[in-house]
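Chains, contacts and geometry: an overview
Here is what each chain is made of, one letter per residue.
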Amino acid sequence: MKRILVTGGAGFIGCHLCERLLNEGNEVICLDNFFTGSKDNIRHLLQNNHFELVRHDVTKEYYAEVDQIYNLACPASPPHYQYNAIKTVKTSVLGVMYMLGLAKRCNATILQASTSEVYGDPKVHPQKEDYWGNVNPIGVRSCYDEGKRCAETLMMDYHRQNSVNTRIVRIFNTYGPNMAVNDGRVVSNFIIQALQGKDITIYGDGSQTRSFCYVSDLVDGMIKMMNNSDNFIGPVNLGNPSERTILEFAELIIKLTNSNSKIVYKPLPKDDPVRRKPDISLAKEKLGWQPLVDIETGLRKTIEYFDKKIRENG
Ligand code: NAD
Ligand code: UDP
């Protein structure tokens, strides 16, 4: 049995990861400051003797004895990470520094939840790990993009300088049950708007693309990366290469929810990436990983979750 720390464990991806790690027979410490996470996401795990919940902010030091660390703490939705941009940088940079210090002291393996945003508004398509990206260092998304890039730098420097056992995964747009109703990202916004018969808000003309990965596939990839026996440290892309425009995505949500909602167009946020699609050949080769859940199956489960959540909230 391993003792595993999951920072951001009460968030959307974190709660699925905690559950999977417990089911696989591990002891899990879930650390969260509940900025965007919720106790609802992990309430069902609280009865488990191998699960421990800690309210803590990763911008402060934390001590524990652990074998592995998954560092997920960081708001991921643009409205949430822009709400307090300075705090977002601190969370990414100080958070990973403290976690790397902990990993060094405990000789633990640490996996950093990085992001496709390190590629910025990419000029290379699809994005491969050796692409250095096209990132605005002073824009409204920079607190997140540059914070995550600096976190990758620290991971690599602790690895080179202090031999810390590090892993970097670059996560592409992931969706599924337990996303927050007020998350503000496209999947939750469109589904909730469609279920409530409200206008579907496309930012820009809807020609920008994204590639959506179902959360169970992502968690699979993260665990494979953490435990790979080749000491493959990454970075590695984890995402579903099935690319679509945001307009096509809105139409799919309308179809799957049988909604009467109309599509309306709103201004495009600044620095919104035009195209995004992961090249996952490295993950296939090194981890034997690829996503298995197709978009309709994943969306039906997500729609069912939001439908229940909306009814509960009245
Ligand atoms: P989320 O907002 O649901 O989860 C983030 C969690 O971190 C929340 O529980 C939040 O309360 C916690 N947190 C935030 N700041 C903290 C702090 N200072 N101290 C302690 N806890 C803090 O987002 P998510 O979608 O689950 O994303 C999880 C991780 O994966 C993030 O690091 C994100 O950058 C990364 N990621 C996610 C996606 C995606 O599509 N979901 C894509 C790329 C990268
Ligand atoms: N988007 C949209 N309507 C919304 C929310 C988002 O059209 O209500 C667009 C957004 O401008 C972006 C894409 O959907 O082009 C994905 O946005 P999201 O915030 O989910 O994540 P991103 O990939 O931009 O970080």
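Just above sits the structure.
Residues numbered from 1 in each chain as written. Chains lettered and ligands numbered in written order. Predicted model: local features only at pLDDT ≥ 70, side-chain atom pairs only at ≥ 80, totals over all residues. Heavy atoms only, no water.

A few words on the sheet that holds strand 6 (residues 166-171). Spatially, seven strands are ordered 3-2-1-4-5-6-11 in an open sheet, and the strand pairing comes out parallel. If you trace the sheet from one side to the other, it starts and ends with strand 3 (51-55) and strand 11 (236-238), each paired once. Across the sheet, the mean angle separating the axes of adjacent strands is 20° when strand polarity is ignored. Note that strand 1 (residues 3-7) and strand 2 (residues 27-32) share five bridges and pair parallel. Following the sheet pairing, T7 is matched in strand 2 by L31. Sheet strands touched by helix 3 (residues 85-106): strand 1, strand 2, strand 4 (68-71), strand 5 (109-115) and strand 6. Its angle to strand 4, the strand with the most contacts, is close to 175°. Running at roughly 155° to strand 5, helix 4 (residues 142-162) makes contact with strand 5 and strand 6 of the sheet. (Pairing = 2+ DSSP bridges. Helix = DSSP H or I, 4+ residues; strand = E, 2+ residues; numbered from the N terminus. Axes fitted to C-alpha atoms, helices over the stretch in contact; angles between N-to-C directions. Contact = heavy atoms within 4.5 Å.)

Following the criterion strictly, the structure yields nine aromatic pairs and no others. Here the aromatic rings of Y81 and Y144 are separated by 4.3 Å at their centres, their planes lie at 5°, and the arrangement is stacked. Of this pair, Y81 sits in helix 2 (residues 78-83) while Y144 sits in helix 4, placing them 63 residues apart in sequence. Each member of the pair, Y81 together with Y144, is buried. Note on Y119 and F172: the rings are 6.2 Å apart at their centroids and 40° apart in plane angle, and the pair reads as tilted. Of this pair, Y119 sits in the loop between strand 5 and helix 4 while F172 is found in the loop between strand 6 and strand 7 (174-175), placing the two residues 53 residues apart along the sequence. The two residues Y119 and F172 agree in class, both being buried. Following the ring pairs from residue to residue traces out a cluster consisting of Y175, F190, F212, Y214 and F249. Across the ring face of F34, the terminal group of K39 is positioned such that the distance to the ring centre comes to 5.7 Å. (Phe/Tyr/Trp six-rings, centres within 6.5 Å; stacked < 30°, edge-to-face > 60°. Buried < 20%, exposed > 50% of the residue type's maximum accessible area, 1.4 Å probe, protein only. Lys NZ or Arg CZ within 6 Å of the ring centre and 35° of its normal.)

This part is about the site of ligand 1. Taken together, 30 residues lie around ligand 1, and D32, T36, Y144, K148 and T174 are the ones closest in. For ligand 1, the accessible surface in isolation is 820 Å², of which the surrounding protein chains cover 97%. Of all the secondary-structure elements, those providing two or more residues to the shell around ligand 1 are helix 1 (12-23), helix 3, strand 5 and helix 4. Counting residues per element, the shell around ligand 1 draws most heavily on strand 5, which supplies three residues. Looking at the shell around ligand 1 residue by residue, the classes come out as 14 nonpolar, 11 polar and five charged. (Near = heavy atom within 4 Å. Areas by Shrake-Rupley, 256 points an atom, 1.4 Å probe, with all protein chains shown as cover. Nonpolar A, V, L, I, M, F, W, Y, C, P; charged D, E, K, R; others polar.)

Residues L17, Y70, M222 and L299 are the most contacted members of the largest nonpolar core, which totals 62 residues. When neighbours within four sequence positions are excluded, M222 is seen to be in contact with I13, L17, Y70, L72, L111, V169, I171 and L238. Of all hydrophobic cores here, the second largest spans 27 residues; its members include V66, M156, V164 and I168. (Core = buried A, V, L, I, M, F, W, Y, C linked by side-chain atoms within 4.5 Å.)

Helix length check: helix 6 (residues 215-227) (13 residues) gives 18 Å between terminal C-alpha atoms against 18 Å at 1.5 Å per residue, within 8%. Looking at helix 6, one finds that the buried residues are V215, D217, L218, V219, G221, M222, I223, M225 and M226. (Expected span 1.5 Å × (residues − 1).)

Moving on, we come to the site of ligand 2. Close to ligand 2 lie 17 residues, the nearest being T201, Y203, R210, D272 and R276. Between ligand 2 and the protein, one listed contact pairs an oxygen atom with a side-chain N or O atom of R276 at 2.7 Å. In isolation ligand 2 has 510 Å² of accessible area, and contact with the protein removes 96% of it. Counting only elements with at least two residues in the shell around ligand 2, the list comes to helix 5 (186-195) and strand 8 (200-203). Of the residues that constitute the shell around ligand 2, the class distribution is seven nonpolar, four polar and six charged. (Polar contact = N/O pair within 3.5 Å; in protein donor to acceptor, adjacent residues only side chain to side chain.)

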